[in-house]
Amino acid sequence: MSDDAANGQSKGAAADGDEIIRLNDVYKIFGPQPRGRAFELARSGVPKNDVQRLSGHVVGLTDVNFSVKRGEIFVVMGLSGSGKSTAIRMVNKLYDVTHGEVLVDGTDVQKLEGTDLQAFRRQKMGMVFQHFALFPHRSVIDNVGYGLKVQRVDRSDRNDASMRALSLVGLAAFADHRPAQLSGGMQQRVGLARALASDPDILLMDEAFSALDPLIRRQMQDEMMEIQDEVHKTILFITHDLNEALRIGDRVCIMKDGAVVQIGTPEEILTEPATGYVAEFVQDVDQGRVIKVHEVMTEPRPIPADMSLSDALTLCQDIAGRFCCDTDGRPISLLTAADGLRARSMGSNDLAKALRSDFDRCSPDATLNELYASAGRGLSIAVVDDSGKLIGNLDPRLIMEEMGRVEGLIEGFEREVFM
Ligand SMILES: Nc1ncnc2c1ncn2[C@@H]1O[C@H](COP(=O)(O)OP(=O)(O)OP(=O)(O)O)[C@@H](O)[C@H]1O
Ligand SMILES: [Mg+2]
């Protein structure tokens, strides 16, 4: 991890970079006569529903303008049908515009055709989709290198590039596995490696993490920000989840009914919502009150009770403590690095001597604010299911950090909006 990532500074890294993607006055109408009456209606400001009622055409995008700076994570966020995918498909010309201009690194993409378009896409952008779309019968490394193979890159260069990309996503050791041998999160990392393999300037990610469960999804967001600190790509990221948008975006573009409602930094979106629509959205956002434990807990990885103290200590590293479980998987004791080191300094290598049992337990459905007091003790909290089995480890520092961040934002928001 780079120093920047360690400091959580990936966001905002490229605040003043130059522009790499621009959409100018872009309209997209779906239907048999996209440039007919529907377009005129949309152009004169008639809302999407009315255009549909009056013309039988669907407004995909109406008067969309935004520009993405080189090196930033630009997130397009909106409800289903708001036009997010349509917008991203303009950038690689999977769709033709009805009206307007799309510039990528100075090139008018919509004017490209045939092999020029293909070459431009390959060279400039990688895509990551919601569904992994990996070839089941090819190895991980061959999946990652597939695009390069199509470009006739020879095998050894292809494998070098694929291994570099796999290392970036932490999967170098899985190069020879088949996709089915990997978890959903790992498969999505293969998808990311595939997009990174040709070293494009731009990553287009459409709901890339939306199919993952919340815990894995958060890990992927963190990883993506760490990778971004190394590779400095421009990332156009689509999501329908405002929490995700605010978490990873340098800037966020909120869309509704095919139109852009607001573009701003996460702080601007939260503290200066441009319309009632955005304000309403923001009210639902991840206020500490509603962040649930299962969204932030990490995998439990308990320590085997028969381990030596020194081995157990290497497992503790920078986390706030690991649990030992009984044979039914219920947590019975906790080893913290501090306790372990103290016991070691007194000459013991007996794990049992360093364990404590005065830790707190919580349910995965508890909310973070319920755990503030507990977190203040600085010990890992055991997340247990109904039968008392350990299903997660909750780092108290994470609670403090998450609550602090969110409360700061919410406070600002409430000051601006409600006072
Ligand atoms: N190929 C198409 N033909 C007709 N209508 C389309 C087509 N693609 C998209 N649309 C319409 O355009 C609008 C925007 O769709 P789009 O797929 O961009 O939304 P989205 O924001 O990506 O939604 P989701 O979150 O469901 O993926 C929707 O009303 C949709 O029905
Ligand atoms: Mg979509």
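For the structure, see preceding data.
These numbers come from a predicted model, not from an experiment.

The geometry of helix H8 (residues 155-168) relative to helix H9 (residues 184-197) is characterised by a closest axis approach of 8 Å and an angle of 135 degrees between their N-to-C directions. It follows that H8 is oblique to H9 by the angle criterion. Note on packing geometry: the crossing formed by H8 with H9 is right-handed. Taking contact as the criterion, the partners of Ala161, Ser162, Ala165, Leu166 and Leu168 in H8 are, on H9, Ala193, Leu196 and Ala197. Of the residues contributing to the contact of H8 with H9, the split by class is 7 nonpolar, 1 polar and no charged.

Moving on: the sheet that holds strand E13 (residues 361-362). Strand order in the open sheet formed by 3 strands is E13-E14-E15, with mixed pairing between adjacent strands. At either margin of the open sheet sits one strand with a lone partner, and together these are E13 and strand E15 (390-394). Note: E13 against strand E14 (residues 381-384), 2 bridges, orientation parallel. Across the sheet, Cys362 pairs through a bridge with Val383, a residue of E14.

Another point: the site of ligand 1. Around ligand 1 sit Phe30, Val58, Gly60, Gly78, Ser80, Gly81, Ser82, Gly83, Lys84, Ser85, Thr86 and His240, and those are all the residues in its vicinity. At the level of elements, strand E2 (58-69) and helix H4 (84-91) are the ones that each hand at least two residues to the shell around ligand 1. In terms of residues, the shell around ligand 1 owes the most to one element, H4, which gives 3 residues. Among the residues making up the shell around ligand 1, the classes are represented as 2 nonpolar, 9 polar and 1 charged.

To continue, consider the pairing of strand E9 (residues 251-256). Most of E9 sits inside the fold, with 5 of its 6 residues counted as buried. Note: strand E3 (residues 73-78) against E9, 5 bridges, orientation parallel. Its bridge partner being in E9, Val76 is matched across the sheet by Cys253. Taken together, the 5 bridges between E9 and strand E10 (residues 259-264) define a ladder with antiparallel strand orientation. Looking at E10, one finds that Met255 is bridged to Val260.

Moving on, we come to the sheet that holds strand E1 (residues 19-30). With antiparallel pairing, 4 strands are arranged side by side in an open sheet as E2-E1-E4-E5. At either end of the open sheet lies a strand with only one pairing partner, and these are E2 and strand E5 (107-108). Two strands pair when backbone bridges link them, and E1 and E2 are joined in this way by 8 bridges, in the antiparallel orientation. Residue Phe30 lies in a different strand from E2, and its bridge partner there is Val58.

The phi dihedral of Asp63 is positive, around 50 degrees, even though this residue is not glycine. According to the C-beta neighbour criterion, Asp63 is partly exposed, with 17 such atoms within 10 Å. Phi angles above zero are rare outside glycine, and Glu207 is one such case at about 50 degrees. Position of Glu207 among the secondary structure elements: in the loop between strand E7 (202-206) and helix H10 (214-231). Judged by C-beta crowding, with 19 C-beta atoms within 10 Å, Glu207 ranks as partly exposed.

Turning to the environment of Lys233, a few remarks are in order. Relative to the helices and strands, Lys233 is located in the loop between H10 and strand E8 (234-239). Dropping the residues within four chain positions of it, Lys233 is found in contact with Asp201, Ile202, Leu203 and Gln228.

Ranked by internal contacts, the top residues of the largest apolar core, which has 77 residues, are Val75, Val91, Ala193, Leu204 and Leu236. What Val75 contacts, discounting residues up to four positions off in sequence, is Phe237, Thr239, Ala245, Ile248, Gly249, Val252 and Cys253. With 26 residues, the next largest nonpolar core counts Leu313, Cys316, Val383 and Leu390 among its residues.

Attention shifts here to the environment of Phe30. With respect to the helices and strands, Phe30 occurs in strand E1. Residue class for Phe30 comes out partly exposed when judged on the 15 C-beta atoms lying within 10 Å of it. Beyond its immediate sequence surroundings of up to four residues, Phe30 is in contact with His57, Val58 and Gly60.

Tracing the chain through its elements places Arg342 in helix H16 (residues 337-345). Look at Arg342 and you get partly exposed, because 13 C-beta atoms sit within 10 Å. Put simply, Arg342 and Ala354 are 12 residues apart on the chain and 7.9 Å apart in space, counted from C-alpha to C-alpha.

In this section: the pairing of E3. Taking burial as the measure, the 6 residues of E3 include 6 buried ones, the bulk of the element. Going residue by residue along E3, you find Ile73, Val75 and Met77 tucked away on one face and Phe74, Val76 and Gly78 tucked away on the opposite face as well. Two strands pair when backbone bridges link them, and E3 and E8 are joined in this way by 5 bridges, in the parallel orientation. Across the sheet, Met77 pairs through a bridge with Thr239, a residue of E8.

This part takes up the packing of helix H15 (residues 309-316) against H16. Relative orientation of the contacting elements H15 and H16 amounts to 150 degrees, with a least axis distance of 10 Å. Judged by the inter-axis angle, H15 sits roughly antiparallel to H16. The way H15 lies across H16 gives a crossing that is left-handed. Of the residues in H16, those in contact with Leu309, Ser310, Ala312, Leu313 and Cys316 of H15 are Ala337, Gly340, Ala343 and Arg344. Its residues assigned to classes, the contact of H15 with H16 comprises 6 nonpolar, 2 polar and 1 charged.

Definitions and limits used
- Residues numbered from 1 in each chain as written.
- Chains lettered and ligands numbered in written order.
- Predicted model: local features only at pLDDT ≥ 70, side-chain atom pairs only at ≥ 80, totals over all residues.
- Axes fitted to C-alpha atoms, helices over the stretch in contact; angles between N-to-C directions.
- Helix = DSSP H or I, 4+ residues; strand = E, 2+ residues; numbered from the N terminus.
- Parallel < 35°, antiparallel > 145°, perpendicular 65-115°, else oblique.
- Left-handed = near helix turned anticlockwise from the far one by under 90°.
- Contact = placed C-beta atoms within 7 Å.
- Nonpolar A, V, L, I, M, F, W, Y, C, P; charged D, E, K, R; others polar.
- Pairing = 2+ DSSP bridges.
- Near = placed C-beta within 6 Å.
- Buried ≥ 20, exposed ≤ 12 C-beta atoms within 10 Å, placed from the backbone.
- Core = buried A, V, L, I, M, F, W, Y, C linked by C-beta atoms within 7 Å.

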